[in-house]
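# An overview of the molecular structure
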Amino acid sequence: MADRNLFGGTPADVAENEAGVRVPGAVGLVWSSSEDSASQETDLVDINGTPIVQLVADERGVVPPFWGPADGREALWVDFGAGRMKLTSNSVGERFKGHLEALDPHNSKQYADEQLTNYTPLRGANFKIDKGQTWGRYTIPDPVGTTADGVGGVFSTITEGSTPGGFKEFTRLKNTGALYVDPAGSHVPLAVGQFESVSANGSAITVSRGRAGSEPVVFRVRTDGRVEASGPVTAPNIGTARVFSGPTAPAKPQVGDVWVQYG
């Protein structure tokens, strides 16, 4: 009977007169409450599924079993002429037991499953990223002027104890987007590899004037090891040497200048 609850049919559900004596065959009406403003309930169905608008007690004065309104009402009031008496559904216990034994009576399991579809476990996780999908994004503070939050961090690696120098925090990604690469111990801090099929002219490292990948690239390490810099390079074995070529010597030569004459 869908959402209808079962009433009547028990020794406690009886039609009585004002003296408390059972009245066999008594006819009663069903009401929504005991208040004067209550409305009569006519959406009732007998045990055989036939719609009824009133109740008729049996030869013992017992209210026959019937199905209440389709809105799942659990309490009704019946009046056999001696005032309204409350009837409580006798299927509440069965429904409560079924509720307790149901797999997901509140849809909480379904909700949790939906929320945990892509949860991150504390350890031992293997993440599979579908083509064209992004696994995660981090929202960081907007920069004020040219500065952002250089104190907060998106993530960091720390040791349980401190190093001889007193350090605990190592590689970390700051809220500015800057990545600090620090190894714990005497290990190579940064190793850059390239995919096997990349040509010798590919890029292993690039530095751009602007956001990564934008132009112009001012520093580049090619896959075959070549280093290209758009500005002067200063190093102990290079110094401030300048290289000139052509038929005319440099106008103001300096110590260390190299002139390749031709023409």
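Please refer to the structure higher up on the page.
Before going into details, it helps to say that this report is about the structure given with it. (Residues numbered from 1 in each chain as written. Predicted model: local features only at pLDDT ≥ 70, side-chain atom pairs only at ≥ 80, totals over all residues. Heavy atoms only, no water.)

Glancing now at a nonpolar patch on the surface. Judged by side-chain polarity, F155, L179, V181, L190, V192, I205, V207, F219 and V227 come together as a nonpolar surface patch covering roughly 750 Å² of accessible area. Following the sequence through the fold, L179 ends up in strand β11 (residues 179-180). You can call L179 exposed: its relative accessible area is 51%. (Patch = residues over 30% accessible without salt bridge, like charges linked within 9 Å, V, L, I, M, F, W, Y side chains within 5 Å. Areas by Shrake-Rupley, 256 points an atom, 1.4 Å probe, with all protein chains shown as cover. Salt bridge = Lys/Arg side-chain N within 4 Å of Asp/Glu carboxyl O. Helix = DSSP H or I, 4+ residues; strand = E, 2+ residues; numbered from the N terminus. Buried < 20%, exposed > 50% of the residue type's maximum accessible area, 1.4 Å probe, protein only.)

What follows concerns the nonpolar core. Counting residues in each nonpolar core, the largest one holds 13 residues, and the members touching the most others are L55, F66 and F80. Look past the residues within four positions of F66 in its chain and what remains in contact with it is N5, L6, F7, G8, L44, V45, D46, I52, L55, L76 and L87. (Core = buried A, V, L, I, M, F, W, Y, C linked by side-chain atoms within 4.5 Å. Contact = heavy atoms within 4.5 Å.)

Once their charged atoms are close, side chains differing in charge can pair, the charge on each being opposite to the other. What the rule picks out here adds up to nine salt bridges. For R73, the salt bridge goes to D71, with nearest N and O atoms at 2.7 Å. For R73, a relative accessible area of 23% translates into the label partly exposed. Put simply, R172 and D182 hold a salt bridge, and the shortest N to O gap is 2.4 Å. Within this pair, whereas R172 is found in strand β10 (residues 169-174), its partner D182 is found in the loop between β11 and β12 (203-208), the two being separated by 10 residues in sequence.

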